Amino acid sequence: MTDTAGAGLTPPKEIAKVMNSGEVLYWFDHPSPFAIFQTKLKSFMMAFPFFILAFVWFNVFLKPDMPPYMGVIGWIFAGFGAWQLLVPAWAFIIAKLFMYYALTDSRLLIVQFYPKHKAKTVNIKDIVHILKLKGADKTGTLIFEVPDLSNKKATKEGQFVKAAGTFYGINNVDRIESAINQLRGIKPTAPAPVPGGAPAPAAASGPRPSTK
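Colleague: Would you mind going over the sheet that holds strand β6 (residues 129-134) with me for this structure?
Modeller: The strands that make up a sheet are held in pairs by hydrogen bonds between backbone atoms, and each pair lies either parallel or antiparallel. Reading across from one edge, β6-β7-β8 is the order of the 3 strands in this open sheet, with antiparallel pairing throughout. A single partner strand is all that each edge strand has here, and the edge strands are β6 and β8 (161-170). Within the sheet, the average angular offset between the axes of one strand and its neighbour, ignoring direction, is 15°. Two strands pair when backbone bridges link them, and strand β7 (residues 140-147) and β8 are joined in this way by 7 bridges, in the antiparallel orientation. Paired with Val 146 across the two strands is Lys 162, which belongs to β8. Its contacts with the sheet put helix α5 (residues 173-183) on β6, β7 and β8, and the angle it makes with β6 is roughly 175°.

Colleague: Sorry if this is basic, but what is going on with the nonpolar core here?
Modeller: Within soluble globular proteins, side chains that are nonpolar generally end up buried alongside one another. Core analysis: the biggest nonpolar cluster contains 24 residues, and Leu 108, Leu 142, Phe 167 and Ile 180 have the highest contact counts within it. Of all the secondary-structure elements, those providing two or more residues to this core are β2 (25-29), α4 (71-97), β3 (99-104), β4 (107-112), β7, β8 and α5. The leading source of residues in this core is α5, at 4 residues. Excluding residues within four positions of it along the chain, Ile 180 makes contact with Leu 103, Leu 108, Ile 124, Ile 127, Ile 130, Leu 142 and Phe 144. Counting residues in hydrophobic clusters, the runner-up holds 11 residues, among them Val 18, Tyr 100, Ala 102 and Phe 113.

Colleague: What should I look at first to understand the packing of aromatic side chains in this one?
Modeller: Each aromatic ring pair is summarised here by two numbers: the centre-to-centre distance and the angle between the ring planes. Applying the stated criterion to the full structure yields 11 aromatic pairs. Centre to centre, the rings of Phe 98 and Phe 113 are 6.0 Å apart; their planes meet at 80°, and the pair counts as edge-to-face. Of this pair, Phe 98 sits in the loop between α4 and β3 while Phe 113 sits in the loop between β4 and β5 (118-123), placing them 15 residues apart in sequence. Here Phe 98 falls in the partly exposed class, since its relative accessible area comes to 22%. Among the aromatic side chains, those forming a connected cluster through ring pairs are Phe 28, Trp 90, Phe 98, Tyr 100, Phe 113 and Tyr 114.

Colleague: Hey, could you run me through the pairing of β5 in this one?
Modeller: Sheet topology places β4 next to β5; 6 bridges connect them, and they run antiparallel. Bridging across to β5, Leu 109 finds its partner in Thr 121. Counted along the chain from β4 to the antiparallel partner β5, the turn is 5 residues long.

Colleague: I would appreciate a short explanation of the side chain of Glu 23 in the present structure.
Modeller: Inspection of the secondary structure puts Glu 23 in the loop between α1 (13-16) and β2. Under the relative-accessibility criterion, Glu 23 is labelled buried at 11%. Among the polar contacts listed, one links the side chain of Glu 23 to the backbone nitrogen of Asn 20, at a separation of 2.8 Å. Engagement of the side chain of Glu 23 in a polar contact is seen with the side chain of Thr 104, the distance being 2.6 Å. Excluding residues within four positions of it along the chain, Glu 23 makes contact with Thr 104, Asp 105, Ser 106 and Arg 107.

Rules of the game
- Residues numbered from 1 in each chain as written.
- Predicted model: local features only at pLDDT ≥ 70, side-chain atom pairs only at ≥ 80, totals over all residues.
- Heavy atoms only, no water.
- Pairing = 2+ DSSP bridges.
- Helix = DSSP H or I, 4+ residues; strand = E, 2+ residues; numbered from the N terminus.
- Axes fitted to C-alpha atoms, helices over the stretch in contact; angles between N-to-C directions.
- Contact = heavy atoms within 4.5 Å.
- Core = buried A, V, L, I, M, F, W, Y, C linked by side-chain atoms within 4.5 Å.
- Buried < 20%, exposed > 50% of the residue type's maximum accessible area, 1.4 Å probe, protein only.
- Phe/Tyr/Trp six-rings, centres within 6.5 Å; stacked < 30°, edge-to-face > 60°.
- Polar contact = N/O pair within 3.5 Å; in protein donor to acceptor, adjacent residues only side chain to side chain.

Right under this line is the structure:
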């Protein structure tokens, strides 16, 4: 998986197409295809009811004296089941070949450029919380939450939030999270000094995009 970092990067044309004039690109990468695949596994469960309906239709309800076109109903059920099985595989291909995540100085971008070009953007200043799901290695998932302005029940004691976008299975997830937080104006917490040891190093300033 490509892992590119550094302010002033030349963006791929698929990302450049959705960037604003003067916007600075800090990082871009493909999502993990396997992580995207896992989010679609529920489609496998949805496929089984359609296959069961097809089986019941062909073996219980469809009678020899019925018109031949009645068999089409069973094939429609089977077709829906087959499509649900293909959804995770299609999502894997899209993630591997036709999708980018990007971090700029003002926004998070989720860009898909096949079968049609579309982009989801999250303004960094709107983010109120980042939920991190980290794996055993340096990869992980970041879920970005923003205020849910459609919820009228929010009170002064707190605000309702909703997920506005997700980076699935990105490399060096800690460093990308740190870069986003610094762009939000949240300073990283320096590690506590070890008793009797050297003082903890000061936190670096400025965004820290991912590096290998």
